Amino acid sequence: MIDLQFAWIETAILVPFVAALFCSKRFPLRVRYWLSFGAAGLTFALALGAWWDFKQLRVFEAHDHWDVLNFLSGDFVFLIDEFNAPLIPLVCAVYWLVILVTPTSKRARFPWRLTFVSLGLTVALLSCRSNWWILGLLAVHSVVPVIELIERKQVWQLFAAFQCASLISMATGLFLINGQAVDERLNLVGLVLLVIGCWLRCGCFPFHLWVLDLTSRASLATAILYLTPMMGAFAIVRLLLPTAPDFVLQVLGILSLASAIYASCMLLVQTCTRRFFAYMYLSNQSLLLIGLELVNPVGLTGSLSLWMSQATSLVAFGMTIRAIEGRVGRVLLDRFHGLYEQMPLLAGFFMLAGLASIGFPGTSGFIASELLIEGVVNVYSRTGFLVVFVMALNGIAALKAYCRLFTGHEAPATISMQPRWYERLAIVAFSVFILVSGLLPGPGVMTRYHAAQELLNRRTTTLTQPLIDEENHEH
Amino acid sequence: MPYETLDSLLVLAILIGPIALVTFMGITMLAGFSVSESAISRFTFSAIVSGLVGTLCSIWALVWTQRLEIVVELGNWVSLPDEHVHFHFTVKFLLDRLSLPFLLLVFLLCGTVSSFASKYMHREPGFRRFHLLFALFTLGMVLATIGGTIEVLFFGWELVGISSALLVGFYHDRKAPVNNGLRVWTTYRLSDAAFLMAAIALHHQTGAGDLDRMAGAGAWPYGVSELQITQAFWVGTLLLIAAAGKSALIPFSGWLPRAMEGPTPSSAIFYGALSVHLGAFLLLRVSPIISSSWLLTCLVVIVGLATAVSAAFIARVQADVKSALAYASLTQVGLIVMEIGLGLYWLALIHIIGHASLRTLQLLRAPSVLRDYFNIETALGRRLAKRVHTLEPSHTRPAQIWLYRFAFERAYLDVFLDRWIVAPFVNFFRQVQRIEESFLQHLTNLASQSVGPQQNSDELLHDESAIEHSGQTHFDDAGANNKTRQFAHSHNSTEQGKTND
Amino acid sequence: MNPQESEISEFDIIHAVEKAAHLLPAQGPITTFVHHNTLHAFESLPFFEAIRHAEILFECKCLLPEKTYRAAVEHGRISNQDLEASLIEDLGDQADRFVGLLGTRYHLRLALLQHELNTLLPNELDWIMAETEALDRLRIDIDSARRNLFIEGTRRWMLRNRLDVFKSADSVVEPRVTLTAKKLIDRVLLDFQGAPIEDWNDARWETFTLRLLWEICSYRISQFPDKTKRNLFVRHRDVLLSTAQIDSDERVNEVLIPFCLAWLDQGLAATQIPHREQGFYQCFLTLYKIPSPTFGGRSSALQRIVQDASVRNLSATASICESLLDLGIGATEVEDFISASLLALRGFAGMIHQLETRGDRVPFPAQTGSLLEFLAVRLMIDRVILGEISRQALGFSGPLCDLRVSLNQGREVDRETQIRCETFTIHQLAQALGWTPEVLLNLSKPNWNRLLNEIREFDLLSRLRVFHAAWERRFRINTLDALSTHSQRKLKSLNVPSATKLTAFDVVCCIDDREESFRRHIEEIATDARTWGVAGFFNVPMYYQGADFFHFLPLCPIVIKPTHYVREHVHVDHRDIHERNVTTRRNLGRIVNGLNRGSHHLISGALTSFLGLLTTVPLMLRVLFPRFSARFRHKVSGLFAVPKQTYLQLERERADPGPDDRQVGFSLIEMVEMVERFLRDIGMVSDFSELVLIIGHGSSSLNNPHESAYNCGACGGGRGGPNARVMARMANDVRVRAGLRERGLEIPQSTLFLGLYHNTCDDSLSWFDGSSIPHDHVGVVGYAKSVLAEARKRNAHERCRRFESADLSITVDAALRHVEARAEDLSQTRPEYNHATNAICIVGRRARTRGLFLDRRAFLVSYDPNLDDEESTILARILAAVVPVCTGINLEYFFSAVDVKGFGCGTKLPHNVAALLGVMDGAASDLRTGLSAQMVEIHEPLRLLFVIESRPEVLQKIMSSSQLIRRIFCGHWAQLAILNPDNAGLLVFNGTTFEPYQPESSRLESVASSLNWYRGWRGDLRFAEIH
């Protein structure tokens, strides 16, 4: 396998962990903030470097230059391929910006260390392809919010129970598939368990309760960072997509559709911004999953593109809600708040994020959702139209939330609550990304298309060969 | 193609103004530059004039080169090079005998209204917001008019939708405009979903969304659809729903009078003139599909006629100027749709153009109605108001009262939609929400008890009361006003924030 | 429910409705807009008491926001002396009350006024405290001495008292630091671990001091919570809104507003509502009792109630009784509940009441008792909606009467928030006043209590009251100084007999503030011209029918109901042309009306739509080239206009006046009386010039539903041209002059009276009866014409300085073109600024004010005290008309300007003319009364300052005889000053007595012309002398 020119990935994983060590409470808040800001920025830069390097190589996959883990375990643990190359920088950027926009009022309680641990784990997870490594990292990753919940003296058991169930289910499934390749029935049981595990991890309907629990109990930043990289979907891509037979994926597709419809309908009756965010996440992730399970290039491309755009728009959503909470406390969506006069820029940004998340023309989600719908219709024909319906409902919900938060009431502002400089920076960065990738979708879609093709190729190769160890297959 | 360069230049000339305007307004708004009122007005006006000149040149080119249509394909915006499923998003523009007159109308009316608004909106705090939305609207109208593929048309269609909804809610410090804007947006989203479905179905069936290909050979209005009858029926029905939403045809009529919340010029341009005719324009654009299925034709005629007749009745009882004008417009839009159903395309086009101009003038001078009444009364030498329908109680037939009530309640459309579509939906999911909550609560209790009692988690009873708890915050009384709690919570957090600083 | 509460008699209800009717807006149909005091219901109370009531009742702001006043202080618009003086006046004898250690009440309040204490909303507090350095750094407006006191003082004090340095067993807390204090200090110190206290730098001490201060304040405030009671909600809706965030009125309005509109409609809808003449209530029952296919729900609940009422033949009053019972309203709350219910949709309720009491102004008046019926209907709908909400949203199934009680119980005051907000205020105050932590810790508990009570008592409205009084004081002083200085300079010329200087012509204008500049320019151009001011109906109350009118219009103040009729006729020579034109106009009118109405209908609408393409031409011309298209239109319509050669039918044949042909006009005696009173009122009894021009005024603008508000207030929102013409004709009449001579008023043969009409919007002048000018007057008329032509140009130019869309460098000719275009522009929302900026009313001889630049802010009434009799009957009758009219205008502007959304009608851009009676916001809202944001945006809300040239005893007598005038001046609804007729002395009325006024300065700039003074400036100007 081809080497990158530098140990980009490993360094990118290492930096956050080192930063976590240094983020002790002994340092003043300001120092901690800037340290974190720098470290996250560095991670982002490294991830970008890995992508750039990978692009230069023009290969399907590559690994780090001095692969230490390879040396230890005799195996390439961290790989970069078409699929995860842009995802890693995206996730790093999300962490970076979330850290950046932490308002002063929240900094004291911001879990700096945990965030960095989480960042390191996420990067590692995203660059993994080996099943057991992925499973292990998923397990460790889900511990992070648990620690935070415990620190906040919140009920953590519910969340933990769901995550445990998911992990156990996945592990058993994998074990059965890998170990008992001969027995058809056990194989099937393994597959079902794996599916259930992934499904639990995604938090799709009807296993979505932990998402609601997490968003309302953990800090919003943690919730955003745990949810928006969509690790459940990642698990499906890595664990299920290459091996699962078509009918399983189709059933999953139908379930995702049901989940999407459920979430977008529930979205319309939400009264709490946090829950609104949770359902927005659920609805968007379900849409994306539908595309993943289509197993046709158009749908898969759509889904992968949607991944990028939904992650950004969801983070943008979350960020705006966080900014509002930082200013006026938690707000409810059953009444009008009229915050526009106080924070017009945030209002505009919220609107833009909302439009992007519903695939409005000219924003990053447009082409992605068109591709997705096209793919869905190709496979499911009439029922595929329900996706369109889901998007329409999301659109209504997004504008409704905008109206409730920013309009309908003359809020007597005695002080200006305009974004601070760091928020401005993040707003501009996100807006530019949303608009530029919306108006010039070509390159982005093409990389996703290549990734989709590669995923499909791998799937066809694994499915045609008897199920053998993935690891061996890599050589 | 001998005229390829010329054609591209023409399209460029039409589009450059609106695009530059949107970019200018958007960037200055995002970056927070201050731009003077007069600069905005001038920029808007000149952008529209440049588009107008482009349109005139195109008309001249069409006549001069003796062609029936100009098709400009700018290439693929996105295309996937796959052999099995090919997806491409072609950017293509169609200048023909349908789009050019309509485009001319768009630019003329937008130009006039922008000039009107530059004075009318003088010193208004939302001056810039208005002009940004107005620019988006203009661009959307232009794209929807000259779009050569259904995707481009959709792009423009959506821009028109969002700018309309936000302009209805322009005075967003009051609830009524915002609620009405949301209503408009909801209607638009649902009918746009139908549009998207139609577009996808077309794609699926003909392999492309090109309007000229879909309409088969021949320039508008002589195209013949290549679709089969059933296909045409379903696609056409979806498009009819899309058009009904945008043009406020039955059963979506309820939003039109409610949309009269924005400043007068926006009401004029949207609901009197352009936006409300966009649905009819769409039907004209896809007229080959409509004419290829007799069932669909009937449907279009019925929807048009029903809209026209009911709106005519409703218009008679409206006691405020703008609602009266809204329903008067709707009457004509219904008639136009009926004409399209009957195949009178040219008539419909002329009807659209004449009607749009008339309503713009009427809506722009709607505040003059008092003076008009005085002037006309003076000229006629009598009172205009007559006691026509105030017969003796015994003489008023119940049917008359029933009819009045029917018109007074605006054909019961809103009530019907609210009560039979929206309310059950919302109530059902509220119920689901409640069940979900209690289930979650149950689970939480279970989870926390299984390990040991940690804290009373009453807070999750109401979703709003799930509050970030800082380490030392404890609130035992679950019934306390949740605002108190929010506040107390943030109090503690800031206190702590400061102490750690 | 206890039995006594259920006994609500019908009489109680009728009485309560009558009482509540006074609270409703008194604005009639918008076509006859009359300015009146918005708070007319509270006129019997003193001004500041009235606004305290009004703020609660109407939920509107009655004074400007504090920010504006503070900006005025910073700008120097309000000086410190003003604040101090008005505070002393406000406190009266309480100023010296001692409040604890911290000085007198006066000092405390002054400090609260002088230092801006950001009173924040709870939600903003967090943000401020987290994102700013409110708890780390002292306020920036504190000088270094005080800063020192804080930081070093606290440091010294802390170190002095910190005894645990010597950690011996017997170390005791120093007696001066109490146990609580120790606790508080320790709590703050928790956050300052690390470096020992001795090593702290200044910044750290600063933070520490502020934190400690916060803790102390917070601790003390929590000990003395604010006990002011919140008023309980009267209506169910208010309780619902505050507890469940559901506004039931929104849903009620969905039913009620369309019905009110349809019922009130004066001919806008093509089909009238059936059974309108049976009254509001019956009409509603008829319409809503028929079964409708609205599929259950609200409509069927409503239908049940309505059917029940109509089957039982329930009267409106009985229905109200039932509703009140159903809603659980006790007999004690009936009045409050009814007035709150009526005020909930006050625009419509007020309009119904207006049409009920003054139905003569509209084609379809309302029956007596309509307001009561409106209430009955409203309560019916209220019941249905409340039932619906309580069932659906709250899951409340009990009877409605329990709803309010059960909801009211759920409300709690969030004390925590209150404490934090108050702490923030006092924290800032302490910094501003130098109350160090040491001082505050040592302040005893009772003193804290007293201090807090003082601060709470001096709430926002009380602060604003002082600010506002100071703001008005500054303006009053400026005005009176200018008047006093100017008078002193003028006195000499006043005493010299005027015979030395011949007057070329006289101009009599309306007292309107807009004519002030016009008069000033005339006097500047022609030094030999005199101007006069009199209420613009020129003492001719009449119904008038122009040659092209089809009915009589009242032209007189709204308080007078005219008895006489005047008709205009075309000269016999031009009758045939006139007849032809009438027919043409009628035909054209028919066509236009047909097209207009037809465009709303199905088939005719289609036909007009095909013609619609033609409308692009007028549309674009009118929008892009308003002035050009207006000229074109006037040219065309001029072809069919009424010929210029008309005469007035002035003299009555029959004894009793009436609208019939022979009853039209006045008798000779009446004419003589009217002319005499007119001349005597303004004091024009001798030294007549050759030409007296009487100029009525009005205003024309396009696309403006409020057009009539711009017209002459003295003509009841009509145009005063005809009145001027009538007066001129009468004064010219030889027989009238003979009659006058008998009464001792000699008008020379050579004097000619001419009527004119001044359009204040485009500053055009029309001359009446030009054909009757005798030859020997042609010269002087020509001269006057040229003067007036120049004056109107200059007037237009002066007005242009206020319009942002006109360049400041505009030339005089361009200015005239600009105002002409404004009047004809469809898209113009500010054709003119009307009475905006009005602030003064001067009653006296013009000679006292001539040459004073009053910036179009003054009503000028001509009155000569030397010609008045012993009883001062002239002044009494002048004031009886002028005081209510001018204060009405002034107060309407006042309240619309302070709360343009509450008292005014908001921005006019989304307005929608409804029922030909008023305007709504957008698609459906309450009828909006008051003035629009575009009308008042430059208005400075000041109570009108009357300066009357008279003597105190005269005024005292007038006030004692007229209750209205007494209320206005003694209740401070307007300010009053007196100018001594013989010298420049001034007296100011303080509510009970007149006090001599000492001018503050005698500075009064002197410039060559008005132009030199106002050039290049948009805002308000100081006064100046034009020589």
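Residues numbered from 1 in each chain as written. Chains lettered and ligands numbered in written order. Predicted model: local features only at pLDDT ≥ 70, side-chain atom pairs only at ≥ 80, totals over all residues. Heavy atoms only, no water.

Quick notes on the overall build of chain B
Then, number 1: A count of helices and strands for chain B gives 19 helices and two strands.
Then, number 2: Relative to its 501 residues, chain B shows a buried fraction of 64%.
Then, number 3: In chain B, the share of contacts with a sequence separation of at least 24, taken over all contacts with a separation of at least 6, comes to 73%.
Then, number 4: Split by element, the accessible area of chain B, about 17,700 Å² in all, is 64% carbon and sulfur. (Helix = DSSP H or I, 4+ residues; strand = E, 2+ residues; numbered from the N terminus. Buried < 20%, exposed > 50% of the residue type's maximum accessible area, 1.4 Å probe, protein only. Contact = heavy atoms within 4.5 Å. Areas by Shrake-Rupley, 256 points an atom, 1.4 Å probe, with all protein chains shown as cover.)

Here's the deal with the interface of chain B and chain C
Then, number 1: Across the contact, 103 residues belong to chain B and 117 residues belong to chain C.
Then, number 2: Across the interface of chain B and chain C, roughly 9,600 Å² is buried in total on both sides, 62% from carbon and sulfur atoms.
Then, number 3: Notably, a salt bridge pairs Arg174 of chain B with Asp921 of chain C, separated by 4.0 Å at the nearest N-O pair.
Then, number 4: Across the chain B-chain C interface, the total number found is 32 residue pairs in polar contact (both at pLDDT 80 or more). (Buried area = accessible area lost by both parts, 1.4 Å probe. Salt bridge = Lys/Arg side-chain N within 4 Å of Asp/Glu carboxyl O. Polar contact = N/O pair within 3.5 Å; in protein donor to acceptor, adjacent residues only side chain to side chain.)

Regarding the pattern of salt bridges
Then, number 1: With the rule as written, the count across this model stands at 95 salt bridges over all chains.
Then, number 2: Salt-bridge contacts for Arg67 of chain B lead to Asp7 of chain B; the nearest nitrogen and oxygen are separated by 3.0 Å. Here the residue Arg67 of chain B occupies a position in the loop between α2 (37-64) and β1 (69-80), and Asp7 of chain B occupies one in helix α1 (residues 4-31), the gap between them amounting to 60 residues.
Then, number 3: Owing to a relative accessible area of 19%, Arg67 of chain B belongs among the buried residues under this scheme.
Then, number 4: Judged by its relative accessible area of 3%, Asp7 of chain B falls in the buried class.
Then, number 5: Two residues, Arg633 of chain C and Glu824 of chain C, come together in a salt bridge whose shortest N-O distance is 3.4 Å. Of the two residues, Arg633 of chain C is situated in helix α28 (residues 626-639) and Glu824 of chain C in the loop between α33 (812-823) and β10 (840-844); the sequence distance between them amounts to 191 residues.

Details of the interface of chain A and chain B
It is common to give the size of an interface as the accessible area that goes away when the parts come together.
Then, number 1: The interface of chain A with chain B comprises 77 residues on the first partner and 69 residues on the second.
Then, number 2: Summed over both sides, the interface of chain A with chain B buries roughly 7,100 Å², with 68% coming from carbon and sulfur.
Then, number 3: Between the two partners, chain A and chain B, sit one salt bridge.
Then, number 4: When the shortest N-O distance is used, the salt bridge between Arg275 of chain A and Glu437 of chain B registers 3.3 Å.
Then, number 5: Per-element tally for the side of chain A that touches chain B: the top contributor is helix α18 (residues 385-406) of chain A, with 12 residues.
Then, number 6: Among the residues making up the side of chain A that touches chain B, the classes are represented as 45 nonpolar, 17 polar and 15 charged. (Nonpolar A, V, L, I, M, F, W, Y, C, P; charged D, E, K, R; others polar.)

Considerations on the pairing of strand β17 (residues 975-979) of chain C
On a regular strand, each side chain points to the face opposite its neighbour's, so the side chains alternate between the two faces of the sheet.
All names here are of chain C.
Then, number 1: When you tally the buried positions in β17, you get five out of five residues, the bulk of the element.
Then, number 2: Residue alternation in β17 divides its side chains into two sets, Gln975, Ala977 and Leu979 and Leu976 and Ile978, and both sets are buried.
Then, number 3: In the sheet, β17 pairs with strand β18 (residues 986-989) via three bridges, with the strands oriented antiparallel. Bridge pairing links Ala977 to Val988 in β18.
Then, number 4: Counted between consecutive antiparallel strands, the loop separating β17 from β18 contains six residues. (Pairing = 2+ DSSP bridges.)

Quick look at the packing of aromatic side chains
Then, number 1: The full count for this structure, using the stated rule, is 72 aromatic pairs over all chains.
Then, number 2: Aromatic side chains Phe349 of chain A and Phe430 of chain A sit 6.2 Å apart centroid to centroid with 50° between the ring planes, which places their arrangement in the tilted category. Remark: Phe430 of chain A occurs in helix α19 (residues 421-439) and Phe349 of chain A occurs in helix α16 (residues 344-357); sequence separation between them is 81 residues.
Then, number 3: The class of Phe349 of chain A is buried, set by a relative accessible area of 2%.
Then, number 4: On the accessibility criterion, Phe430 of chain A (4% relative accessible area) is buried.
Then, number 5: An aromatic cluster is built from Tyr33, Trp34, Phe37, Phe44, Trp96, Phe110, Trp112, Trp421 and Tyr422 of chain A, whose rings are joined through pairwise contacts.
Then, number 6: Taking NZ or CZ as reference, Arg129 of chain B lies 5.2 Å from the ring centre of Tyr340 of chain A, over its face.
Then, number 7: Over the aromatic face of Phe364 of chain C sits the side chain of Arg276 of chain C, whose NZ or CZ is 4.3 Å from the ring centroid. (Phe/Tyr/Trp six-rings, centres within 6.5 Å; stacked < 30°, edge-to-face > 60°. Lys NZ or Arg CZ within 6 Å of the ring centre and 35° of its normal.)

Some thoughts on empty space enclosed by the protein
Over the atoms rolls a probe the size of a water molecule, and its path tells where empty space is left.
Residues and elements named next belong to chain C.
Then, number 1: Its volume calculated, the second largest cavity comes out at about 140 Å³.
Then, number 2: Around the second largest cavity, the lining comprises 15 residues; the ones closest to its centre are Arg799, Arg802, Tyr833, Ala836 and Arg856.
Then, number 3: Its residues assigned to classes, the lining of the second largest cavity comprises four nonpolar, two polar and nine charged. (1 Å grid on protein atoms, 1.4 Å probe; cavity = no way out; pocket = protein on both sides within 12 Å on 5 of 7 lines; lining within 4 Å. Points joined across faces, edges and corners; volume = space filled by probe spheres on them.)

Some details on α1 of chain B
Residues and elements named next belong to chain B.
Then, number 1: For α1, which comprises 28 residues, the first-to-last C-alpha distance of 38 Å matches the rise-based estimate of 40 Å (1.5 Å per residue) to within 8%.
Then, number 2: Helix geometry: α1 is bent most strongly at Leu15, by close to 35°, with proline Pro18 lying one to four residues after it.
Then, number 3: Taken together, the buried residues of α1 touch α2, β1, β2 (87-96), α3 (99-120) and α4 (127-146).
Then, number 4: Two residues or fewer after α1 comes Gly32, characterised by a positive phi angle close to 75°. (Expected span 1.5 Å × (residues − 1). Bend = angle between axes of the 7 residues up to and from the residue.)

Some remarks on the side chain of Ser99 of chain B
Then, number 1: Here Ser99 of chain B is to be found in helix α3.
Then, number 2: Among the residues examined, Ser99 of chain B registers a relative accessible area of 0% and is labelled buried.

Re the side chain of Glu82 of chain A
Residues and elements named next belong to chain A.
Then, number 1: With respect to the helices and strands, Glu82 occurs in the loop between β2 (79-81) and α4 (87-100).
Then, number 2: Buried charge without a partner: Glu82 forms no salt bridge, and the closest opposite charge is Lys55, 4.7 Å away.
Then, number 3: Ignoring sequence-local partners within four residues, the contact set of Glu82 consists of Phe54, Phe60, Thr447, Arg448, His450, Ala451 and Glu454. (Lys, Arg positive; Asp, Glu negative; His and termini not counted.)

Observations regarding the packing of helix α15 (residues 297-328) of chain A against α19 of chain A
All names here are of chain A.
Then, number 1: Taken N-terminus to C-terminus, the directions of α15 and α19 make an angle of 155°; their axes are 11 Å apart at the nearest point. With respect to their mutual orientation, α15 and α19 come out roughly antiparallel. Regarding α15 and α19, the two cross each other, and that crossing is left-handed. Contact residues: Thr312, Val315, Ala316, Met319, Ala323 and Arg327 in α15; Glu423, Ala426, Phe430 and Phe433 in α19.
Then, number 2: Here the residues of the contact of α15 with α19 are counted per class, giving seven nonpolar, one polar and two charged. (Axes fitted to C-alpha atoms, helices over the stretch in contact; angles between N-to-C directions. Parallel < 35°, antiparallel > 145°, perpendicular 65-115°, else oblique. Left-handed = near helix turned anticlockwise from the far one by under 90°.)

Comments concerning the sheet that holds strand β8 (residues 752-759) of chain C
All names here are of chain C.
Then, number 1: Taken together, five strands build an open sheet; the order of strands is β2-β1-β7-β8-β9 and the sheet is mixed. Every interior strand has two partners, whereas the edge strands, β2 (529-534) and β9 (764-767), have only one. The average undirected angle you get between the axes of adjacent strands in this sheet is 25°.
Then, number 2: Where strand β1 (residues 505-510) and strand β7 (residues 691-698) come together, four bridges link them in parallel fashion. Bridge assignment links Val507 to a residue of β7, and that residue is Leu693.
Then, number 3: Most of the contacts of helix α24 (residues 514-525) go to β2, to which it runs at about 165°, and overall it touches β1, β2, β7, β8 and β9.
Then, number 4: Packing of helix α30 (residues 721-732) onto the sheet brings it into contact with β7 and β8, and relative to β8 it is tilted by some 175°.

Side note on the sheet that holds strand β15 (residues 927-928) of chain C
Residue and element names in this part refer to chain C.
Then, number 1: Spatially, three strands are ordered β13-β14-β15 in an open sheet, and the strand pairing comes out antiparallel. The two strands at the open ends of the sheet, each matched to only one other strand, are β13 (911-914) and β15.
Then, number 2: By the bridge criterion, four bridges tie β13 to strand β14 (residues 918-921) in an arrangement that is antiparallel. Looking across to β14, one finds that Asn912 is bridged to Met920.

Remarks on the nonpolar core
Then, number 1: With 625 residues, the main nonpolar core has Trp307 and Phe406 of chain A together with Phe895 and Phe946 of chain C as its most contacted residues.
Then, number 2: In this structure, Ile522, Leu765, Val781 and Val787 of chain C belong to the second largest nonpolar core, which totals 21 residues. (Core = buried A, V, L, I, M, F, W, Y, C linked by side-chain atoms within 4.5 Å.)

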